Amino acid sequence: MSRKIGHITILVSDYDEAIDYYVNKLGFVLLTDNSFGEGMRWVTVAPSRESGTPIVFVEADNDEKKARVGSQAAEHVFLVIETNDCLREYHIMKEKGVRFLGEPQEMPWGTEVVFEDLYGNRFDLLQVKSY
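Residues numbered from 1 in each chain as written. Predicted model: local features only at pLDDT ≥ 70, side-chain atom pairs only at ≥ 80, totals over all residues. Heavy atoms only, no water.

A. Fine view of the pattern of salt bridges. In total, this model carries six salt bridges according to the counting rule given. Across the pair Lys94 and Glu103 runs a salt bridge whose closest N-O atoms are separated by 3.9 Å. The exposure class assigned to Lys94 is partly exposed, which follows from its relative accessible area of 42%. (Salt bridge = Lys/Arg side-chain N within 4 Å of Asp/Glu carboxyl O. Buried < 20%, exposed > 50% of the residue type's maximum accessible area, 1.4 Å probe, protein only.)

Given below as structure tokens:
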């Protein structure tokens, strides 16, 4: 039996503003943007084409979903983005206006720093220490 996580969903207020932020500020790649009519779209992004598990944007279309935009994991880190150069990516993203919640720190498991997306979802940018 073979199993894997196929994709992860993030609630967004607007597809186009989310695409703009993730692609132009976070440096993600837009993988798909398919329209199915009546406002339905299948939009996926990922840190790179090779990353494996894409993020699917789900436009908040009711009050319950709208209330959860930006707080899918409360005030905890929602996803970890692994990189081979945390400091370089930190400086590039910060220059583009990404909000970081501190400076990169050396931890026993690697170098990491937490940032927020345009809605307030928290991500950890992590360069895993090689052993």
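B. Region of interest: the packing of aromatic side chains. With the rule as written, the count across this model stands at seven aromatic pairs. Consider the rings of Tyr21 and Tyr22, whose centres lie 6.2 Å apart with planes at 70°: the pair is edge-to-face. An identical accessibility class is assigned to Tyr21 and Tyr22; each is buried. Summarising the aromatic geometry, the rings of Phe115 and Phe123 are spaced 5.3 Å apart at their centres and angled 10° between planes, so their arrangement reads as stacked. A connected cluster of aromatic rings, assembled from ring pairs, spans Tyr21, Tyr22, Phe28, Phe57, Tyr90, Phe100, Phe115 and Phe123. (Phe/Tyr/Trp six-rings, centres within 6.5 Å; stacked < 30°, edge-to-face > 60°.)

C. A look at helix 1 (residues 15-24). For helix 1, every residue scored as buried is listed here: Tyr15, Ala18, Ile19, Tyr21 and Tyr22. If you check the start of helix 1, you find a side-chain oxygen 3.0 Å away from the backbone N of Asp16, and it comes from Asp14. (Helix = DSSP H or I, 4+ residues; strand = E, 2+ residues; numbered from the N terminus. Polar contact = N/O pair within 3.5 Å; in protein donor to acceptor, adjacent residues only side chain to side chain.)

D. Looking closely at a nonpolar patch on the surface. Taken together, Phe36, Met40 and Trp42 make up a surface patch of nonpolar side chains, about 350 Å² in accessible area. Mapped onto the elements of the fold, Phe36 is located in the loop between strand 2 (29-35) and strand 3 (41-46). (Patch = residues over 30% accessible without salt bridge, like charges linked within 9 Å, V, L, I, M, F, W, Y side chains within 5 Å. Areas by Shrake-Rupley, 256 points an atom, 1.4 Å probe, with all protein chains shown as cover.)

E. Representation of unusual backbone geometry. Backbone geometry at Ala74 places phi at a positive 55°, although glycine is not the residue there. Mapped onto the fold, Ala74 is located in strand 5 (residues 72-75).

F. Summary view of the environment of Gly110. Relative to the assigned elements, Gly110 resides in strand 9 (residues 110-116). Relative accessible area serves as the criterion here: at 2%, Gly110 is assigned to the buried category. Spatially, the C-alpha atoms of Gly110 and Phe123 are 15 Å apart, while their sequence positions differ by 13 residues. When neighbours within four sequence positions are excluded, Gly110 is seen to be in contact with Gln105, Leu126, Gln127, Val128 and Lys129. (Contact = heavy atoms within 4.5 Å.)

G. A look at the sheet that holds strand 2. Judged by pairing direction, the sheet is mixed, and its four strands sit side by side in the order 1-4-3-2 without closing on themselves. The open sheet has two edge strands, strand 1 (8-12) and strand 2, and neither has a second partner. Each adjacent strand pair in this sheet contributes to an overall mean axis angle of 25°, direction not counted. Relative to strand 3, strand 2 runs antiparallel, the two sharing six bridges. Each bridged residue has a counterpart across the sheet, and for Leu30 the counterpart in strand 3 is Val45. (Pairing = 2+ DSSP bridges. Axes fitted to C-alpha atoms, helices over the stretch in contact; angles between N-to-C directions.)

Read these as layout, nothing more, since geometry by itself doesn't imply function.
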